[in-house]
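A look at the structure
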Amino acid sequence: MQVDKVTLVFDANPLRTRCDIDYHRRDLSFSVLHDHDYWEFFAVIRGKCTHYINNKQYVMQSNDCVFIRPADVHYFTKDSSDFDYINILFRDCVVRAGCGYLIPPPTLYNELLGKAILTYKLNHAQSEHILNYCSLILASLNDTQHNRFIARMLCAYLLEMFEYNESAVSLPDWLNSILVAINKTPAAELNINDLIKDIPYSHQYINRRFKQLMGKPLITYINEVKLNHACELLQKNNASILDTCNDIGFYSVSHFNHLFKQYYGMSPKQYQKQFRQ
């Protein structure tokens, strides 16, 4: 029996008419077969669901994610009582522009449309980073300029992530050991020298290979982890900027402010203010 399909439209929600990105976090099934005129990043935070995409079935668990394209037809059902997920919606023009920024258009955009499905398994740092962006999205819904900035930043991050996933190779043991150490080490204690001291390769070789395999320099990866932790601390009302800076191992407040604003588009104080309103 053929099931009727509905098409969801980004601007159908009046609150989105001046936005390029929106976000929701929910714990319910969405069993209506549908497509939409926007891109949807869907990630499972906890529990399990079954996602039906283009007539194929995918079981998704914690940290599994999929980038749903405008032409994809899908629905999903929750398979566990603790199921919890996020979905982030992008206008198609944002994704087109992001693809053109990374690779001359329309190469990457067409490659993404040509894939059977765009799936990825998030690691802890990536999951936390995306959740921090979700807070920024909510805070930007009444500020068109800020919302568009957040949309471009997060879209570029996700596109690089999915693009890298398509061409991924097995990571060498020494690189896996660095990633494990980063996840286990408190943010304040993270530094490159300690992470690579037992690896029998030169500092230059490690940095070069890390960037080739992970898509960014080791120091950038470390700073992302530190800044993600800073966001968690700043969401607590009693956290001062100075204490947060020290707690993540930055000993210059001006440097911390500069990196934070460069990464999130606002100062630590502005970010914290959103959670005190």
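As a starting point, this report considers the structure included with it.

**Comments concerning the layout of surface pockets**
The calculated volume of the largest pocket comes to roughly 590 Å³. In terms of lining, the largest pocket is formed by 24 residues, of which the most central are Met153, Ala156, Tyr157, Glu160 and Tyr263. Secondary-structure elements contributing two or more residues to the lining of the largest pocket are α1 (92-102), α3 (124-140), α4 (144-166), α8 (218-234) and α10 (253-264). Ranked by the residues each element gives to the lining of the largest pocket, the list is headed by α1, at six residues. Per-class residue counts for the lining of the largest pocket are 14 nonpolar, six polar and four charged.

**What to know about unusual backbone geometry**
A positive phi is found at Asn54, a non-glycine position, where the angle reads about 50 degrees. Mapping Asn54 onto the fold places it in the loop between β5 (48-53) and β6 (56-61).

**A closer look at the sheet that holds β5**
Strand order in the open sheet made by the five strands is β1-β3-β8-β5-β6, with mixed pairing throughout. Looking at which strands have only one partner, the edges of the open sheet turn out to be β1 (6-8) and β6. Ignoring which end each strand starts from, the neighbouring axes of this sheet average 35 degrees apart. As defined by bridge partners, β1 adjoins strand β3 (residues 30-36) across three bridges and the pair is classed as parallel. The residue bridging Thr7 from the neighbouring strand is Asp35, located in β3.

**Describing the packing of aromatic side chains**
Applying the stated criterion to the full structure yields 25 aromatic pairs. Each ring, one from Tyr120 and one from Phe162, has its centre 5.9 Å from the other, and the planes form 55 degrees; the classification is tilted. With Tyr120 in strand β10 (residues 119-121) and Phe162 in helix α4, the pair connects residues that are 42 residues apart, well separated along the chain. No difference in accessibility class separates Tyr120 from Phe162, as the two residues are buried. Each member of the aromatic cluster is reached from another via a ring pair, and the members are Trp39, Phe41, Phe67, Phe90, Tyr109, Tyr120 and Phe162. The aromatic ring of Phe10 is capped on one face by Arg16, whose charged end is 5.3 Å from the ring centroid.

**Observations concerning the nonpolar core**
It is characteristic of soluble globular proteins that their nonpolar side chains tend to be buried jointly. Of all hydrophobic cores here, the largest spans 51 residues; its most connected members are Phe41, Phe67, Ile86, Ile88, Phe90, Leu154 and Leu158. For Ile88, the residues in contact, after removing those within four places along its chain, are Ile21, Asp22, Tyr23, Trp39, Glu40, Phe41, Ile130, Cys134, Ile137 and Leu154. In this structure, Ile178, Leu195, Ile206 and Leu218 belong to the second largest nonpolar core, which totals 19 residues.

What counts and how
Residues numbered from 1 in each chain as written. Predicted model: local features only at pLDDT ≥ 70, side-chain atom pairs only at ≥ 80, totals over all residues. Heavy atoms only, no water. 1 Å grid on protein atoms, 1.4 Å probe; cavity = no way out; pocket = protein on both sides within 12 Å on 5 of 7 lines; lining within 4 Å. Points joined across faces, edges and corners; volume = space filled by probe spheres on them. Helix = DSSP H or I, 4+ residues; strand = E, 2+ residues; numbered from the N terminus. Nonpolar A, V, L, I, M, F, W, Y, C, P; charged D, E, K, R; others polar. Pairing = 2+ DSSP bridges. Axes fitted to C-alpha atoms, helices over the stretch in contact; angles between N-to-C directions. Phe/Tyr/Trp six-rings, centres within 6.5 Å; stacked < 30°, edge-to-face > 60°. Buried < 20%, exposed > 50% of the residue type's maximum accessible area, 1.4 Å probe, protein only. Lys NZ or Arg CZ within 6 Å of the ring centre and 35° of its normal. Core = buried A, V, L, I, M, F, W, Y, C linked by side-chain atoms within 4.5 Å. Contact = heavy atoms within 4.5 Å.

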